[in-house]
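Take a look at the letters that make up each chain.
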Amino acid sequence: MKTIDELLSAGVDGKRVFVRADLNVPLADGVITDDGRIRAVLPTVKALAEAGAKVVVASHLGRPKGAPDPAFSLLPAAERLGELLGAPVAFAQDTVGPAAHDAVNGLQPGQVAVIENLRFNPGETAKDDTERGEFADRLAALADVYVGDGFGAVHRKHASVYDLPARLPHYAGYLIATEVGVLKKLTDDVKRPYVVALGGAKVSDKLAVIDQLLGKADRLLIGGGMAYTFLKAKGYEVGISLLQEDQVPAVTEYLERAEKQGVELLLPVDVVVSREFPDLKTKAPTENTVVDADKIPADQEGLDIGPRTRELYASKLADAETVFWNGPMGVFEHPDYAEGTKAVAQALVDSNGFSVVGGGDSAAAVRTLGFDEKAFGHISTGGGASLEYLEGKTLPGLAALED
């Protein structure tokens, strides 16, 4: 995989460089609530601009249906990128049409343009190779060189991620190089104890990575909505908590395997429960209680790990040399149910080991809850991509950058 440093040493002055970034930021009423992914691509964009490239930044945002949708416009991200760069950023209101060509043709060396959401074109996500290829051909007409730096999208076989690099000289940006380097620390010559904390809503999203980690990690700490499927597999009442009943057999098998292989697989010993899900907009206080994990009332749902579980998990993270954390421990967006996620984050901050926050909601939680990002070894920009890498899968966007 050739790096951006090799590209810069060869010279990019006046060249049109297409940067596939990941500007898929969360929006609330058109306002960015977490600009972490935009800041993550800054080093690559800045380096190219300072070297005199005409930088064309492209990304997806959300899941539009292959047609323009104002709710998913990249304009707020383009404006924020300009603020962070301290320089104007041109914005094209289409992907490969007249506006995109005008924006790119209007660039002077050292200037930056953002084209509209790639997923406004059905060719970006098409399953058909020919349709994707045709869109990639049209994107290639906008550039002389390709730089892949959208780590959060490298697990997708999409036109701008997989097909476009084959049509242009291609290089890995700084973010992708960093992300791959970090993930190798979690798979090759891991320093032990190696502890993995997994949370989030659906256990089905994590089954494949649990399967891999049972042979590699020393301890697995389970929280979030997915924990209730594990508790159900233990024969516990879980009330109206989030539950994937169809996954109980697989989870039961993993519990048995963990015991046989000597891997500590820890489940919550107590949980915070309530009769109703909290209002995440008003964040109004809620009625809740702490109960033992095997005593969840039939008419209530678990929304966070309890205080004894927080202490237990913190103790199991304290001596870790390597930690991977993916998924919040509860509904962290509401202050009544954020303590479990806070406790895990604080344990990573207090640990002397190498800690990786695995993107997605975990990364958002770290920022939302006010932690200093520099206190962690690495905060990934791609939750899904990180998990698939740890599962041992070939990621299309990384394979496309290799020669």
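Data block above holds the structure.
Residues numbered from 1 in each chain as written. Predicted model: local features only at pLDDT ≥ 70, side-chain atom pairs only at ≥ 80, totals over all residues. Heavy atoms only, no water.

*Asks:* Teacher, can you tell me more about the overall build of the protein chain here?
*Replies:* Within the protein chain, the regular secondary structure consists of 15 helices and 17 strands. Its C-alpha atoms give the protein chain a radius of gyration of 22 Å, within 12% of the compact-globule value 22 Å for 403 residues. Principal-axis analysis of the C-alpha atoms places the extent of the protein chain at approximately 65 × 45 × 40 Å. In the protein chain, which comprises 403 residues, the proportion classed as buried is 55%. For the protein chain, contacts bridging at least 24 residues in sequence account for 75% of all contacts bridging at least 6. (Helix = DSSP H or I, 4+ residues; strand = E, 2+ residues; numbered from the N terminus. Rg over C-alpha atoms; globule rule 2.2 N^0.38 Å. Buried < 20%, exposed > 50% of the residue type's maximum accessible area, 1.4 Å probe, protein only. Contact = heavy atoms within 4.5 Å.)

*Asks:* For this particular structure, what's the right way to read the packing of aromatic side chains?
*Replies:* Any two aromatic rings considered together are summarised by their centre-to-centre distance and by the angle between their planes. Tallying each qualifying case throughout the model produces two aromatic pairs. Judged by centre distance (6.0 Å) and plane angle (15 degrees), the rings of Phe18 and Tyr146 are stacked. Here Phe18, found in strand 1 (residues 16-20), pairs with Tyr146, found in strand 7 (residues 145-148); they are 128 residues apart in sequence, far enough to count as distant. By relative accessible area, Phe18 is classed as buried at 0%. Both rings, one in Phe371 and one in Phe376, keep their centres 6.2 Å apart while their planes meet at 70 degrees; by these two values the pair is edge-to-face. Using a relative accessible area of 15% as the deciding quantity, one classes Phe371 as buried. Note on Phe376: relative accessible area 5%, which makes it buried. If you follow Lys185 out to its NZ or CZ, it ends over the ring of Phe354, 4.5 Å from the centre. (Phe/Tyr/Trp six-rings, centres within 6.5 Å; stacked < 30°, edge-to-face > 60°. Lys NZ or Arg CZ within 6 Å of the ring centre and 35° of its normal.)

*Asks:* What's the story with the layout of surface pockets in this structure? I'm lost.
*Replies:* If a probe as big as a water molecule is rolled over the atoms, it shows which places are left empty. Roughly 320 Å³ of volume is contained in the second largest pocket. If you go around the second largest pocket, you meet 16 residues; those closest to its centre are Ala40, Leu175, Glu373, His378 and Ile379. For the lining of the second largest pocket, the elements supplying multiple residues, two or more each, are helix 2 (36-50), helix 7 (174-185) and strand 17 (378-379). In terms of residue class, the lining of the second largest pocket is made up of six nonpolar, five polar and five charged. (1 Å grid on protein atoms, 1.4 Å probe; cavity = no way out; pocket = protein on both sides within 12 Å on 5 of 7 lines; lining within 4 Å. Points joined across faces, edges and corners; volume = space filled by probe spheres on them. Nonpolar A, V, L, I, M, F, W, Y, C, P; charged D, E, K, R; others polar.)

*Asks:* Teacher, can you tell me more about helix 10 (residues 248-261) here?
*Replies:* For an α-helix, 3.6 residues make a turn, and residues three or four places apart therefore share a direction. End to end, helix 10 covers 20 Å across 14 residues, agreeing with the expected 20 Å (1.5 Å per residue, within 8%). In this structure, the buried side of helix 10 is in contact with helix 8 (207-213), helix 9 (227-233) and strand 11 (264-266). Once helix 10 ends, the next one or two residues include Gly262, with phi positive near 75 degrees. (Expected span 1.5 Å × (residues − 1).)

*Asks:* Explain a positive patch on the surface to me, please; I cannot follow it from the model alone.
*Replies:* Among the surface-exposed residues, Arg63, Lys65, Lys127 and Arg156 lie close enough to one another that they form a single positively charged patch. Tracing the backbone shows Arg156 in the loop between strand 7 and helix 6 (159-163). Using a relative accessible area of 30% as the deciding quantity, one classes Arg156 as partly exposed. (Patch = residues over 30% accessible without salt bridge, like charges linked within 9 Å, V, L, I, M, F, W, Y side chains within 5 Å. Areas by Shrake-Rupley, 256 points an atom, 1.4 Å probe, with all protein chains shown as cover. Salt bridge = Lys/Arg side-chain N within 4 Å of Asp/Glu carboxyl O. Lys, Arg positive; Asp, Glu negative; His and termini not counted. Charge placed at Lys NZ, Arg CZ, Asp CG, Glu CD.)

*Asks:* How should the pattern of salt bridges be read in this particular structure?
*Replies:* If charged atoms from side chains of opposite charge come close, those side chains can pair. Counted under the stated rule, the structure contains 24 salt bridges. Where Arg16 meets Asp144, a salt bridge forms, and the shortest distance between an N and an O atom there is 3.1 Å. You can see Arg16 sitting in strand 1 and its partner Asp144 sitting in the loop between helix 5 (129-140) and strand 7, a full 128 residues away along the chain. For Arg16, a relative accessible area of 21% corresponds to the partly exposed category. On the basis of relative accessibility, which here comes to 32%, the residue Asp144 falls in the partly exposed class. Linking Asp299 and Arg275 is a salt bridge whose minimum nitrogen-to-oxygen distance equals 3.2 Å. Here Arg275 lies in the loop between strand 12 (270-274) and strand 13 (289-292) and Asp299 lies in the loop between strand 13 and strand 14 (301-305), a separation of 24 residues in the sequence.

*Asks:* Hey, could you run me through the pairing of strand 5 (residues 89-92) in this one?
*Replies:* It is a general feature of regular strands that their side chains alternate between the two faces of the sheet. Pairing of strand 5 with strand 6 (residues 112-115) involves four bridges; the strand directions are parallel. Its bridge partner lying in strand 6, Ala92 is registered against Ile115. For the handedness criterion, the β-α-β arrangement of strand 5, helix 4 (residues 98-105) and strand 6 is classed as right-handed. (Pairing = 2+ DSSP bridges. Right-handed = clockwise from strand over helix to strand, strands pointing away.)

*Asks:* Teacher, can you tell me more about helix 11 (residues 307-318) here?
*Replies:* Here helix 11 is 12 residues long and its end C-alpha atoms lie 16 Å apart, about the 16 Å a rise of 1.5 Å per residue gives. Along helix 11, the residues classified as buried are Thr309, Arg310, Tyr313 and Leu317. For helix 11, the buried positions fall inside an angular range of 100 degrees around the axis, keeping them on one side. Exposed side of helix 11, more than 90 degrees from the buried face: Glu311 and Ala318 are the residues found there. (Arc of directions from axis to C-beta.)

*Asks:* Just checking my understanding: could you explain the sheet that holds strand 16 (residues 354-357) for this structure?
*Replies:* Working definition: the strands of a sheet are paired by backbone hydrogen bonds and lie parallel or antiparallel to each other. Across the sheet, which stays open at both edges, the six strands sit in the order 11-10-9-15-16-17 with parallel pairing between neighbours. At either margin of the open sheet sits one strand with a lone partner, and together these are strand 11 and strand 17. With three bridges connecting them, strand 10 (residues 219-222) and strand 11 associate as parallel partners. What sits directly across from Arg219, in strand 11, is Glu264.

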